[in-house]
Amino acid sequence: MTGKLSAAQLAERLPDEADDGPTQLADRYPQIDAPLRIEPPPSMKAPARNDAPSRDAHIRRSAFAPAAATIKGDVLKALGAVDDPTKFLDPRTAEGSKLRSLDRAVPDPAARGPFDTKISNFRHLAFSSRRAGRRETEAQAYFSIGVMHDNEGQFDEALRAYGQFLAVARDVDDVEKEALAYNAMGVDEMAAACPAKTTGEGFGAAALADQSVERLEKAIKLHERHLEIADAGGRFAALTNLGLCRGALGDADGAARHHQDALRLAIELESSSGQSIAVGNLGSLALRRGDLATARPCVEQHLQLARSLGDAGAEVHAHLKLGHLAAAEGDDGRALAAFEAAAAVAEQVGEIGTLKRANCYVGVARGSLTMDAMFRGLADRVRADEARWAAEAA
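Residues numbered from 1 in each chain as written. Predicted model: local features only at pLDDT ≥ 70, side-chain atom pairs only at ≥ 80, totals over all residues. Heavy atoms only, no water.

**Some details on the overall build of the protein**
So, step 1. Along its length, the protein carries 16 helices and two strands.
So, step 2. Every one of the 394 residues in the protein was classed for burial, and the buried ones make up 42%.
So, step 3. In the protein, the share of contacts with a sequence separation of at least 24, taken over all contacts with a separation of at least 6, comes to 62%.
So, step 4. When the accessible surface of the protein is totalled, it reaches about 20,400 Å², and 53% of it is carbon and sulfur. (Helix = DSSP H or I, 4+ residues; strand = E, 2+ residues; numbered from the N terminus. Buried < 20%, exposed > 50% of the residue type's maximum accessible area, 1.4 Å probe, protein only. Contact = heavy atoms within 4.5 Å. Areas by Shrake-Rupley, 256 points an atom, 1.4 Å probe, with all protein chains shown as cover.)

**Quick notes on the packing of aromatic side chains**
What characterises a pair of aromatic rings is the spacing of the ring centres plus the angle enclosed by the ring planes.
So, step 1. Going through the model one piece at a time under the given rule, you end up with three aromatic pairs.
So, step 2. Between F143 and Y162, the aromatic rings sit 5.4 Å apart at their centres with planes inclined by 50°, giving tilted as the arrangement. On the criterion of sequence distance, the pair formed by F143 in helix α6 (residues 135-151) and Y162 in helix α7 (residues 155-171) is long-range, its members being 19 residues apart.
So, step 3. You can call Y162 buried: its relative accessible area is 0%.
So, step 4. Taken together through their ring pairs, the aromatic side chains of F143, Y162 and F165 make up a single cluster. (Phe/Tyr/Trp six-rings, centres within 6.5 Å; stacked < 30°, edge-to-face > 60°.)

**Observations concerning the pattern of salt bridges**
So, step 1. Under the criterion given, the structure shown has 21 salt bridges.
So, step 2. Of the charged contacts, one joins E300 and R296 as a salt bridge, the two residues approaching to 3.4 Å between their closest N and O atoms. Pair noted here: E300 and R296 are both in helix α13 (residues 292-309), with a separation of four residues, about one helical turn.
So, step 3. With a relative accessible area of 28%, E300 lands in the partly exposed category.
So, step 4. For R296, a relative accessible area of 11% puts it in the buried group.
So, step 5. Ionic pairing is found between R296 and E329, a salt bridge with its closest N-O pair at 3.1 Å. Note that R296 is positioned in helix α13 and E329 in the loop between α14 (312-328) and α15 (332-349), a separation of 33 residues in sequence. (Salt bridge = Lys/Arg side-chain N within 4 Å of Asp/Glu carboxyl O.)

**Focus: α6**
So, step 1. Its 17 residues give α6 an end-to-end C-alpha distance of 25 Å, which sits within 8% of 24 Å, the value for a rise of 1.5 Å per residue.
So, step 2. With respect to burial, α6 is a largely interior element, 16 of its 17 residues being buried. (Expected span 1.5 Å × (residues − 1).)

**Things to note about the confidence of the model for the protein**
So, step 1. Chain-level statistics for the protein give a pLDDT mean of 81 and a share of 71% at 70 or above.
So, step 2. Across the protein, the element-wise mean pLDDT spans from 43 in helix α1 (residues 7-13) up to 97 in α7.
So, step 3. The low-confidence segment residues 63-69, where pLDDT is below 50, has eight contacts with residues more than four positions distant or belonging to other chains.
So, step 4. Scored below 50 in pLDDT, residues 102-106 shows four contacts in the model against residues more than four places distant or in partner chains. (pLDDT = per-residue confidence, 0-100.)

**Thoughts on the nonpolar core**
Grouped burial of nonpolar side chains is what soluble globular proteins tend to show.
So, step 1. Of all hydrophobic cores here, the largest spans 41 residues; its most connected members are F143, Y162, F165 and F236.
So, step 2. Where this core is concerned, the elements lending two or more residues are α5 (109-132), α6, α7, α8 (175-193), α10 (232-248), α11 (252-268), α12 (272-289) and α13.
So, step 3. In this view, F236 contacts L36, A262, L265, A266, G274, I277 and A278; residues no more than four positions away in its chain are not counted.
So, step 4. Of all hydrophobic cores here, the second largest spans 14 residues; its members include L320, A335, L355 and V362. (Core = buried A, V, L, I, M, F, W, Y, C linked by side-chain atoms within 4.5 Å.)

**Concerning the side chain of E315**
So, step 1. Mapped onto the elements of the fold, E315 is located in helix α14.
So, step 2. Note on E315: relative accessible area 15%, which makes it buried.

See below:
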């Protein structure tokens, strides 16, 4: 027994093309500041994608996990001493590259056997289907290979498989699959350029190496091609991804135009979820630009939409953003109220990592209020003493 399935057996799991309806997003609750993936049609029977880690998972893993201190100590030991620790934050430095290499997941050797067997099965299916003239099945096999590599974080290998999927889609003039390929390849270029931050920061929230800039420029071309041929749902994803790419490259005006176009399309489609994503991305972009007047109404509308959709994770994140906005505006009372609201929702839904972080912000806001009150009291006392001294001198 080799553990392999025959081409006929695999073909049964990958039936011919069917009418699967309009484009759907891969995530039930897409996050703002994150690329949007398109869900393949059910008829493709593609392997399930691993769920993207939530912000709470990022926070728990990076800051509040019991092993966090040990892990950080091991990383610092591996990196060695350096005069300027900020160099680790810049991927263009040798220190930054070293930290990035340490952050890559090490595959479990014991898990490679079944994975390699599945990849081999799909490659065998693709080869035999091509020889038999079953181009649809060949394309589906290539896409399945891409998803499996995505799940392992092997984006270059996934891109090669999606490139083969795209070639077949073009050969058979299947526009739907061609659009799916452009989206998959564009998102993988984005993921390779800006790996997910363990702090839960938004997409492209750090300095970019030259290679990352090149990959984002490739992603832009792929998403532009996707935009040209996609249906309405696909266009929304393409516009959102283009906005994220241009924002990461520092083109704030271009990013804003794409997110505004995405918002107009979501309104036209009467999609509350799409509107929530678009206004949330506009708010995040404005906040990074320091445009607080624009950021506040966008984040407030994002919060309202998240509540209506029952997206508790987005609601918590919106409260946190409003807290940071108020703190930047110097309104510590408003910041405290927003952070307390974020903590309350996080506790209700069991987001323990986010709850701990929100409570930290609550403490800082309360401290700022106490300091302000103390300094106001001191100022009032000084003014009273000065007035008394002036009266006594008279």
